[in-house]
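Survey of secondary and tertiary structure
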Amino acid sequence: MSAPADRVYPLLVATRGMAVAELARQAGLSAEAARAACGELAVRGLARLDPDGRWYPRPPHEGLLPLLTRAQEQLLRGRELFDRLTVEYQQVHEGHHRVEEAVQAVQGAEAVRTRLDAVLRGARAELLVFAPGGAQPPEVEPHGRPGPAAGPAAGRAHWAGGAGFFRAVGSGVPAVRRQVVVERAVVARQPDGAPDALDGLPPDAEVRAADRLPVPMCLADRSVALVPLGAGAAPAEPVMLVVGASGLLDALVALFEGVWSGAVPLARPGSEGGGLQQRILAMLVMGSTDAAMARSLGVAIRTVQRRIAAMQRAAGVDNRIQLVWHAARNGWLD
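Below: a short report on this structure.

Cut-offs applied
- Residues numbered from 1 in each chain as written.
- Predicted model: local features only at pLDDT ≥ 70, side-chain atom pairs only at ≥ 80, totals over all residues.
- Heavy atoms only, no water.
- Helix = DSSP H or I, 4+ residues; strand = E, 2+ residues; numbered from the N terminus.
- Buried < 20%, exposed > 50% of the residue type's maximum accessible area, 1.4 Å probe, protein only.
- Contact = heavy atoms within 4.5 Å.
- Salt bridge = Lys/Arg side-chain N within 4 Å of Asp/Glu carboxyl O.
- Pairing = 2+ DSSP bridges.
- Axes fitted to C-alpha atoms, helices over the stretch in contact; angles between N-to-C directions.
- Parallel < 35°, antiparallel > 145°, perpendicular 65-115°, else oblique.
- Nonpolar A, V, L, I, M, F, W, Y, C, P; charged D, E, K, R; others polar.
- Phe/Tyr/Trp six-rings, centres within 6.5 Å; stacked < 30°, edge-to-face > 60°.

**Side note on the overall build of the chain**
- The helix and strand tally for the chain stands at 13 helices and 10 strands.
- For the chain, the proportion of its 334 residues judged to be buried stands at 43%.
- Taking all contacts inside the chain whose residues are at least 6 apart in sequence as the whole, residues at least 24 apart take part in 68%.

The following block contains the structure:
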């Protein structure tokens, strides 16, 4: 569906019929765009116009199920094409590319720092990061001794074991787009839904929380991936894989995109989106109680409840679950 239709249908589902003018106001669209979105939904069997001039949703299974079925068929055909092309590629090109050209292993704290710093400083567009353990990693000196970074590497990129690349991504690298995924458990340890572990990131970094991350990882411009080995402990000799252009890199990019699309955006205090509303929403996402939110924010419970009720009215929804869904879909948490 078009973006306006994708925005309008959840509003219809969450209400008992709406006029075009009210739809346009709540969706942030012009009246013409809202009317066109309703027409598109009607063509797809997802909405109907009653004689009273109000638009009503049709049950999702009537209109969405056929769309999902067609999408599944397209995915199946795409997978068949992928498998066929993969086999053909292997038959024609196997042996022409050495594994060493696609994947390199960098060993030793100083070597890891140097390569990590070079890759990150070379980024021109974006950095995509999986950071399972948050932003409180130990720095590692040569020979595996934990402690402050020494020499010219200090203040730049630091090897961070399992926690990943927060120090390096946070400062001293080009001003590029940063998309960072942390694990929900890291966020849940903080009562206000914005852990200290994120403080090392610049305010404009986009941060989301996922239930679980498969591996710590950093992708620079989708052209190179950095993956530490032995992330669960502090190895005597840190090892990092540097993955260049290859099917493996494509798989890592797809892995990040899949996890990112399913993760929950986090509002961070101190950023432009870190006001009271965003902090309350972030805590709602994490399942905090009204009392816990009030303690964290230093306000009365009634203040939290009034804010939530006001946001529900603004979103045109009836409960907190719908509010969180609406907030995530409309960028209130970004």
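Back to the text.
**With respect to the pattern of salt bridges**
- The full count for this structure, using the stated rule, is 10 salt bridges.
- The salt bridge partner of Glu110 is Arg113, with a shortest N-O separation of 3.1 Å. Residue Glu110 and its partner Arg113 are both found in helix α6 (residues 109–121); the two are separated by 3 residues, about one turn of the helix.
- Owing to a relative accessible area of 35%, Glu110 belongs among the partly exposed residues under this scheme.
- The salt bridge partner of Asp117 is Arg121, with a shortest N-O separation of 2.8 Å. Of this pair, Asp117 and Arg121 both sit in helix α6, 4 residues apart, roughly one helical turn.

**Observations concerning the pairing of strand β6 (residues 206–210)**
- Among the 5 residues in β6, 4 count as buried, and that is most of the element.
- With 5 bridges connecting them, strand β5 (residues 177–183) and β6 associate as parallel partners. By the bridge assignment for β6, Gln179 is matched with Glu206.
- Bridge count between β6 and strand β10 (residues 264–265): 2 bridges; the pairing is antiparallel. In the strand pairing of β10, Ala209 is matched with Val264.

**Things to note about the sheet that holds β10**
- Pairing is mixed across the open sheet formed by 8 strands, whose spatial order is β3-β9-β8-β7-β4-β5-β6-β10. Here the strands that pair on one side only, and so sit at the sheet edges, are β3 (103–107) and β10.
- Strand contacts of α6: β3, β4 (126–131), β7 (217–220), β8 (224–229) and β9 (239–243), with the helix running at about 130° to β3, the strand carrying the most contacts.

**What about the packing of helix α1 (residues 3–13) against helix α3 (residues 31–43)?**
- Contact geometry for α1 and α3: axes closest at 9 Å, N-to-C directions at 80°. On the basis of their axis angle, the class for α1 and α3 is roughly perpendicular. Across the interface between the two elements, Pro4, Ala5, Val8, Tyr9 and Leu12 from α1 touch Ala37, Cys38, Glu40 and Leu41 from α3.
- Taken together, the residues that form the contact of α1 with α3 break down as 8 nonpolar, no polar and 1 charged.

**Topic: the packing of aromatic side chains**
- With the rule as written, the count across this model stands at 2 aromatic pairs.
- Both rings, one in Phe130 and one in Phe256, keep their centres 5.2 Å apart while their planes meet at 25°; by these two values the pair is stacked. Of this pair, Phe130 sits in strand β4 while Phe256 sits in helix α9 (residues 247–262), and the two are 126 residues apart along the sequence.
- Arranged with centres 5.9 Å apart and planes meeting at 15°, the rings of Phe256 and Trp260 form a pair that is stacked. Pair noted here: Phe256 and Trp260 are both in helix α9, with a separation of 4 residues, about one helical turn. Like Trp260, Phe256 is buried.
- The rings of Phe130, Phe256 and Trp260 are connected pair by pair, giving a single aromatic cluster.

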